[in-house]
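# Breakdown of the fold
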Amino acid sequence: MLAIRPKQPLLGFARMIILTRLNSRLVHYSMEYKNAPKIRLPGKDYSANSDVARSNWLITKLSRDGKICEARKVFDEMPERDVITWTTVITGYMKCGMIEEGRRLFDRVDAKKDVITWTAMISGYKRLKRIKEAERLFLEMPEKNVISWNTMIEGYSQNGQVDSALDLFERMPEKNVASWNTIVTALAKSKRIEEARRLFDLMPERDVISWTTMAAGLSRNGRIDEARVLFDRTPERNVVSWNAMITGYAQNMRLNEAFELFERMPGRNMTSWNTMITGFIQNGELKRAWNLFKEMPKRNSISWTAMITGFIQDGKNEEALKIFSEMVAVEGTKPNEATFVSVLSACTNLAGLGEGQQIHQMISKTVYQDSEILVSALINMYSKCGELSSARKMFDDSLASHRDLVSWNGMIAAYAHHGCGLEAIKLFNELRTIGFKPDDVTYVGLLSACSHAGLVEEGLYYFNELVRDGSIGVREDHYTCYVDLCGRAGKLKQAFDFIERLETKPSATVWGALLAGCNVHGDMNIGKLAAQKLLEDEPENAGTYLLLSNVYASSGKWKEAAKVRLKMKEKGLKKQPGCSWIEVGNTVHVFVVGDKSHCQSKLIYSLLCDLHETMKKIEHVANNMI
């Protein structure tokens, strides 16, 4: 059973990953209705030779079962083959992702091919996002049918080449409703909603997918009222149409209308419930989401993950772990990748090493054990729980099979968290040596590591390198790191001038970093300016008042410091007291600043006094030796 720890309002690693993945699972309607052109294995064999027909049937069955090697063996042993035989094996290879083997068979001199065979190859390249090869093959096709054209249009659309897709659509000699649906979807997803609507209005015939696609596109682009008009005009609605409209209202923060539609639905499926719950969570209505969750007639892993994520997002990590325990132990629902990422985030926020290790053991028994995202989440969890060596072991073990940038970034961030600047720089250089290109996240971790380790010159060097690179977008986190580096080095004027030159409005974190530097070095003038800027954005932030008060105090301006404290008192502002905890013998001991309620507080404070005296003596000895 997972132990439950006290509150910690911070949301840990991969929150955006969790929310993005969860949201995409719920609103990607093509998972429910198949708008895309499909290449199917032959359903009925018209081979003249009955022996060939029987072999073709066996190859089809083996291919559908994923036994492509056995299917190929049957193919190789056939004395006679027809175009159905060749198409079936090639399509089987495509479905298994073995495109090179399929292409070798396709290119054989004795290969028998028709338009279905060619389209199967194009579909395989499209699925692997090898769009240039798909395009070359499409242009070489001796004859094309409407499915071939649709497949290529969808390939362009999925790779962001909407103009190429539109050009191909306009050149099509014959179009069907799937052709129109594909291009309308592509335009709507790329925010070209006016063009999408123009084509929708020109459609000679529409099906339920057409109406749903257009309504979803309008709502995604903020035109929810137009989407509702279209929804009301839809001649035939299915559950996907209703779900699309509910999602649209939720995305546009109109939850009451979303819920009103949800209650009116003639028939709900699991996605309907999950969509509504996710809508509540994304709009901060956790209580309504929880009440609806309890009403669900049946739940799946997405439902549970949505609620776990919602509680973490609300800072209720202990409750999130309780829900996870109920999901696994009581309901017997198998967690998916997003569930594990989410619950590891809760463990990270609570510094719950024991619980994190239990989750790690569960992951190691699933198909997700080599997931790059989970490896990074585990690296982050071990790092935040103080187990840097375990984090490095996770990193080293993962590199044997998965050398992805997310893992490198996670390990550099772990070193940053522990103030190991030199190790972070070494890892950064290794990353580049083996051919990886750092991204914006890599530089945030590296600059943060330099800042925490006091490696000011190194940090400034890497920041300038980032700016010179030009291919990576410099964002607020990088600016904050730069200001923090200058602040630690006492270069407060340089940091202030840098902020003043920024083309975008500096965030509160940037000004906060400068104010913290002023506090360390006692720069009252710049500190006062930084505090004013901070209070413009966050007038009720008690931490800003305390930092400003400390800046005045460190400069000997005691009256000004007292005035700031008085103003803070008048506003009724209080700084949240620091809280820490430690687990000893399966018992969690919680400590708050100034709190003496612990049953062994006298002994603890006695030991702290002894430790403080020892530290002062060591410092005195060290000073005399200098």
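Not measured: the values here are computed from a predicted model. Per chain, residue numbering runs from 1 following the sequence as it is written. The predicted origin of the model limits local features to residues at a pLDDT of at least 70 and limits the giving and counting of side-chain atom pairs to 80 or more, whereas totals for whole chains, interfaces and linings rest on all residues. Hydrogen atoms and water are omitted, and side-chain values are computed over all heavy atoms in the structure.

### Details of the overall build of the chain
Helix and strand counts for the chain come out as 34 helices and two strands. Each residue's exposure class comes from its accessible area (1.4 Å probe, protein chains only) as a fraction of the maximum for that residue type: buried when under 20%, exposed when over 50%, partly exposed otherwise. Residue burial in the chain is summarised as follows: out of 626 residues, 47% are buried. Should any heavy atoms of two residues lie within 4.5 Å, those residues are considered in contact. Here the analysis covers contacts within the chain between residues at least 6 apart in sequence; of these, 59% occur between residues at least 24 apart. By definition, any uninterrupted DSSP run of H or I lasting at least four residues is a helix, any uninterrupted run of E lasting at least two residues is a strand, and each is numbered from the N terminus.

### Describing the pattern of salt bridges
One side-chain nitrogen of Lys or Arg within 4 Å of one carboxyl oxygen of Asp or Glu is enough to make a salt bridge. A complete count under the given rule lists 30 salt bridges for this structure. The partner of Lys61 in a salt bridge is Asp65, with the nearest N and O atoms 3.3 Å apart. Judged by its relative accessible area of 44%, Asp65 is partly exposed. For Arg72, the salt bridge identified is with Asp76, shortest N-O distance 3.0 Å. Of this pair, Arg72 and Asp76 both sit in helix 3 (residues 68-77), four residues apart, which is roughly one turn of the helix.

### A look at the packing of aromatic side chains
Put simply, two rings from Phe, Tyr or Trp (the six-membered ring, in Trp's case) pair if the centres are within 6.5 Å, and we call them stacked under 30 degrees between planes, edge-to-face over 60, tilted for the rest. Counting across every chain of the model gives 23 aromatic pairs. Ring geometry for Phe138 versus Trp149: centroids 5.3 Å apart, planes at 85°, classification edge-to-face. Placement of the pair is Phe138 in helix 7 (residues 131-140) and Trp149 in helix 8 (residues 146-158), with a sequence separation of 11 residues. Taking the relative accessible area as the measure of exposure, Trp149 reaches 10% and is therefore buried. Measuring from centroid to centroid gives 6.0 Å for Phe259 and Phe262, while their planes differ by 15°, and the two rings are stacked. Of this pair, Phe259 and Phe262 both sit in helix 15 (residues 255-264), three residues apart, which is roughly one turn of that helix. Given a relative accessible area of 21%, Phe259 falls into the partly exposed group. Note on Phe262: relative accessible area 1%, which makes it buried. The structure contains a cluster of three or more aromatic residues connected by ring pairs, namely Phe259, Phe262, Trp273 and Phe280.

### As for the side chain of Thr348
Within the secondary structure, Thr348 sits in helix 20 (residues 337-350). Here the side chain of Thr348 touches Leu344 through a polar contact of 2.8 Å, landing on its backbone oxygen. In contact with Thr348, not counting residues within four places along its chain, are Asn380, Met381 and Lys384. N or O atoms closer than or at 3.5 Å make up a polar contact, with two conditions inside protein: a donor-capable atom paired with an acceptor-capable one, and, for residues adjacent in sequence, both atoms drawn from side chains.

### Here's the deal with helix 14 (residues 239-251)
Every α-helix winds through 3.6 residues per turn, so residues three or four apart in the chain are directed the same way. The terminal C-alpha atoms of helix 14 lie 18 Å apart, and with 13 residues this matches the ideal 18 Å at 1.5 Å per residue to within 8%. Along helix 14, 11 of the 13 residues are buried, which leaves the element largely enclosed by surrounding structure. Taken together, the buried positions of helix 14 are occupied by Val240, Ser241, Trp242, Asn243, Ala244, Met245, Ile246, Thr247, Gly248, Tyr249 and Ala250. Taking the backbone nitrogen of Val240 as reference, a side-chain oxygen 3.1 Å away marks Asn238 as the first, capping residue of helix 14. Positive backbone phi, approximately 60°, marks Met253, located one or two places after helix 14. The length a helix should cover is 1.5 Å for every residue beyond the first.

### Digging into the nonpolar core
Nonpolar side chains tend toward joint burial in soluble globular proteins. Within the largest apolar cluster, 163 residues are counted, with the highest numbers of intra-cluster contacts made by Ile183, Ile277, Met411 and Leu514. Counting residues per element, this core draws most heavily on helix 22 (residues 372-384), which supplies eight residues. As used here, the term nonpolar core means buried Ala, Val, Leu, Ile, Met, Phe, Trp, Tyr and Cys residues forming a set that is joined through side-chain atoms within 4.5 Å.

### Observations concerning the packing of helix 27 (residues 456-469) against helix 28 (residues 476-488)
Only the stretch in contact is used when fitting a helix axis, every axis being a line fitted to C-alpha atoms; angles between N-to-C directions are given from 0 to 180 degrees. Helix 28 packs onto helix 27 with a crossing angle of 150° between their chain directions and a minimal axis gap of 10 Å. It follows from the interaxial angle that helix 27 and helix 28 lie roughly antiparallel. Both helix 27 and helix 28 take part in a crossing whose hand is left-handed. The segment helix 27 lies against helix 28, with Val456, Gly459, Leu460, Phe463 and Leu466 engaging His478, Tyr479, Tyr482, Leu485 and Cys486. Three residue categories are used. Nonpolar comprises Ala, Val, Leu, Ile, Met, Phe, Trp, Tyr, Cys and Pro, charged comprises Asp, Glu, Lys and Arg, and polar comprises the others, including Gly. Looking at side-chain class alone, the contact of helix 27 with helix 28 contains eight nonpolar, two polar and no charged residues. In this scheme, roughly parallel covers angles under 35 degrees and roughly antiparallel covers those over 145, while 65 to 115 is roughly perpendicular and the rest are oblique. Crossing handedness follows the turn of the near helix against the far one: under a right angle anticlockwise gives a left-handed crossing, and clockwise gives a right-handed one.

### Quick word on the confidence of the model for the chain
The predictor attaches a confidence to each residue, and that confidence, scored 0 to 100, is pLDDT. With 87% of its residues at a pLDDT of at least 70, the chain reaches an overall mean of 83. Contacts for the low-pLDDT stretch residues 1-45, under 50 throughout, to residues beyond four places or in other chains number 123 contacts.

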